[in-house]
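Residues per chain, in single letters:
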Amino acid sequence: MVQRRHLLGLASAAPALLGPRAARADEVTLRLHHFLPAVSNVHRNFLAPWAKQVEEASKGRLRIRIFPAMQLGGAPPQLYDQARDGVADIVWTLPGYTAGRFPRIEALELPFVANRSGLANARATQAFAEKHLAEEFGEVHPLCFWSHDGGLIHSRSPVRRLEDLRGMKLRFPTRQAGEGLRALGAAPVGMPVPQVPEALTQGVLDGAVVPWEVVPSIKLQELVRNHTAFPGSPTFYVATNVLAMNKAKYQSLPAELRAVLDAQSGQAAAAMVGAMLDEQAVIVSEQARRRGNTLIELEAAEAERWRAACQPVTEAWLAQMKGRDVDGAALLADARALFARYAG
């Protein structure tokens, strides 16, 4: 009898024990992997707040755990394939880290096409992706695309004229930025941004092209003292970015969690990251100024010289796209139209 009461007691306790566990059974934690440290602006001021928004909108059922600085292994150029293969559930990466693999998105990265504003560029890039990039990024489920605000030349010696670039070893992030620098007379060196500090210290580089928001995460303002910007729009270069999710993982989510993720993706996420980029450009440039660094903006006539020098880069890309049976002219025209639309 005592044994029976004990068993009945356990049975009556079972719902209390199983209830909370059952309630947690449909909770999902996604792993987001990226290449910069946790102190970087995209991590602190976009990815972390965005992940929190997703969790709150799902009432705690969908959580995103962020792994910065390649903590899940591999190198930055492997991030896209990590999302495709399920090594990570979500990645933030630059398509330009695998040169030539994503030809259509390069229309946005050609010299003197994009805006100076991060918000305008992010929204235009997302709109371009929705219209043109479904097939090119079909191996993953893209959550958001963006381009950063206008990139600068950060260098040991000042750059005020085209002639100052001659032979200067500058890190570039994308194929088109590299071709642009080569057309301007520099000696472009391709590498993921985490490698820049060591390359500068060892003399492999004389400088790098990155947007302001990247500068503090690699302490670039301490390694070089000159920062050259471009007047107005269009600007010399931008790099495109993608927040990409493993397709099978996305499809495995319950419909209501997919709906939550969808609502926090696309233009909503693009606007969030774009606004952050513009805000940080002001903050970081002022930090560099307070250090005593030299902030330079090219004269309009000088910038026009640079633009003319880069025209062959666009012509070469158009010829390459024709050889790949891609209508590069139409893509470029639409890219310019979208950048103009969102600049207004």
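Residues numbered from 1 in each chain as written. Predicted model: local features only at pLDDT ≥ 70, side-chain atom pairs only at ≥ 80, totals over all residues. Heavy atoms only, no water.

If you look the chain up in an unreviewed UniProt entry, it shows as C4-dicarboxylate ABC transporter from Teichococcus rhizosphaerae.

## So, the overall build of the chain
Helix and strand counts for the chain come out as 12 helices and 11 strands. Dimensions of the chain, computed from the C-alpha atoms along their principal axes, are close to 95 × 45 × 35 Å. Considering the chain as a whole, with its 344 residues, one finds that 51% of them fall into the buried category. Considering only contacts within the chain whose residues lie at least 6 apart along the sequence, 78% involve residues at least 24 apart. (Helix = DSSP H or I, 4+ residues; strand = E, 2+ residues; numbered from the N terminus. Buried < 20%, exposed > 50% of the residue type's maximum accessible area, 1.4 Å probe, protein only. Contact = heavy atoms within 4.5 Å.)

## What to know about the side chain of His-34
Tracing the backbone through its elements, the reader meets His-34 in the loop between strand E1 (28–33) and helix H2 (41–57). Among the polar contacts made by the side chain of His-34, one reaches the main-chain amide nitrogen of Leu-36 at a distance of 3.2 Å. Side-chain polar atoms of His-34 contact the side chain of His-43, separated by 2.8 Å. Each residue touching His-34, except ones within four places of it in the same chain, is listed here: Ser-40, His-43, Leu-47, Ile-66, Phe-67, Pro-68, Ala-69, Met-70, Leu-79 and Trp-92. (Polar contact = N/O pair within 3.5 Å; in protein donor to acceptor, adjacent residues only side chain to side chain.)

## A look at H2
With 17 residues, H2 ought to run about 24 Å at 1.5 Å a step, and its terminal C-alpha atoms sit 23 Å apart, in line with that. Taken together, the buried positions of H2 are occupied by Asn-41, Val-42, His-43, Phe-46, Leu-47, Trp-50, Ala-51 and Val-54. (Expected span 1.5 Å × (residues − 1).)

## A look at the packing of helix H11 (residues 300–323) against helix H12 (residues 328–343)
Relative to each other, H11 and H12 sit at 130 degrees, their axes nearing to 8 Å. By the angle between their axes, H11 is oblique relative to H12. Contacts between H11 and H12 involve Thr-314, Trp-317, Leu-318 and Met-321 from the first element and Gly-328, Ala-329, Leu-331 and Leu-332 from the second. Partitioning the contact of H11 with H12 into residue classes produces 6 nonpolar, 2 polar and no charged. (Axes fitted to C-alpha atoms, helices over the stretch in contact; angles between N-to-C directions. Parallel < 35°, antiparallel > 145°, perpendicular 65-115°, else oblique. Nonpolar A, V, L, I, M, F, W, Y, C, P; charged D, E, K, R; others polar.)

## Details of the pattern of salt bridges
Scanning the entire structure with this criterion turns up 18 salt bridges. Note that Glu-256 and Arg-61 form a salt bridge whose closest N and O atoms lie 3.0 Å from each other. In this pair, Glu-256 sits in helix H9 (residues 255–263) while Arg-61 sits in the loop between H2 and strand E2 (62–67), placing the two residues 195 residues apart along the sequence. A single network of salt bridges, built from pairs that share partners, joins Asp-81, Arg-84, Asp-85, Arg-101 and Glu-139. (Salt bridge = Lys/Arg side-chain N within 4 Å of Asp/Glu carboxyl O.)

## What to know about the environment of Val-28
Inspection of the secondary structure puts Val-28 in strand E1. Val-28 sits in the buried class, given a relative accessible area of 17%. Contacts of Val-28, omitting those with residues within four sequence positions, involve Arg-61, Leu-62, Arg-63, Lys-249, Leu-253 and Leu-257.

## Some remarks on the sheet that holds strand E10 (residues 240–246)
Pairing in this open sheet of 5 strands is mixed, and the strands run E2-E1-E3-E10-E4 from one edge to the other. The open sheet is flanked by E2 and strand E4 (140–147), the only strands paired with a single partner. Looking at each pair of strands side by side, their axes are set apart by 20 degrees on average, direction ignored. Where helix H4 (residues 118–132) meets the sheet, it contacts E4 and E10, and its direction lies at approximately 145 degrees from that of E4. (Pairing = 2+ DSSP bridges.)

## Thoughts on the sheet that holds strand E5 (residues 152–155)
Strand pairing in a sheet takes place through backbone hydrogen bonds and is either antiparallel or parallel in direction. Read from one edge to the other, the open sheet built from 6 strands follows the order E7-E6-E8-E5-E9-E11, with strand pairing classed as mixed. In the strand order of this sheet, the two ends are held by strand E7 (187–190) and strand E11 (294–297), each with one partner. Each adjacent strand pair in this sheet contributes to an overall mean axis angle of 25 degrees, direction not counted. The pairing of E5 with strand E8 (residues 207–210) spans 4 bridges and is antiparallel. Looking across to E8, one finds that Ser-155 is bridged to Gly-207. Across the sheet, helix H5 (residues 175–183) touches strand E6 (169–172), E7 and E8, and the angle it forms with E6 is around 160 degrees.

## Digging into the pairing of E6
Pairing analysis gives 4 bridges linking E6 to E7, with the strands arranged parallel. Following the sheet pairing, Phe-172 is matched in E7 by Gly-190. Following the chain from E6 across H5 to the adjacent parallel E7, one finds a crossover that is right-handed. One ladder, built from 2 bridges, connects E6 with E8; its direction is parallel. (Right-handed = clockwise from strand over helix to strand, strands pointing away.)

## Thoughts on the nonpolar core
If you look at the biggest cluster of nonpolar residues, it comprises 108 residues, and the most contacted ones within it are Phe-46, Trp-50, Trp-146, Leu-243 and Trp-306. In terms of residues, this core owes the most to one element, helix H10 (residues 267–290), which gives 9 residues. Once you skip the residues sitting within four places of it in the chain, Leu-243 turns out to touch Leu-32, Leu-47, Trp-50, Ile-90, Val-91, Trp-92, His-141, Pro-142, Leu-143, Cys-144 and Trp-146. (Core = buried A, V, L, I, M, F, W, Y, C linked by side-chain atoms within 4.5 Å.)

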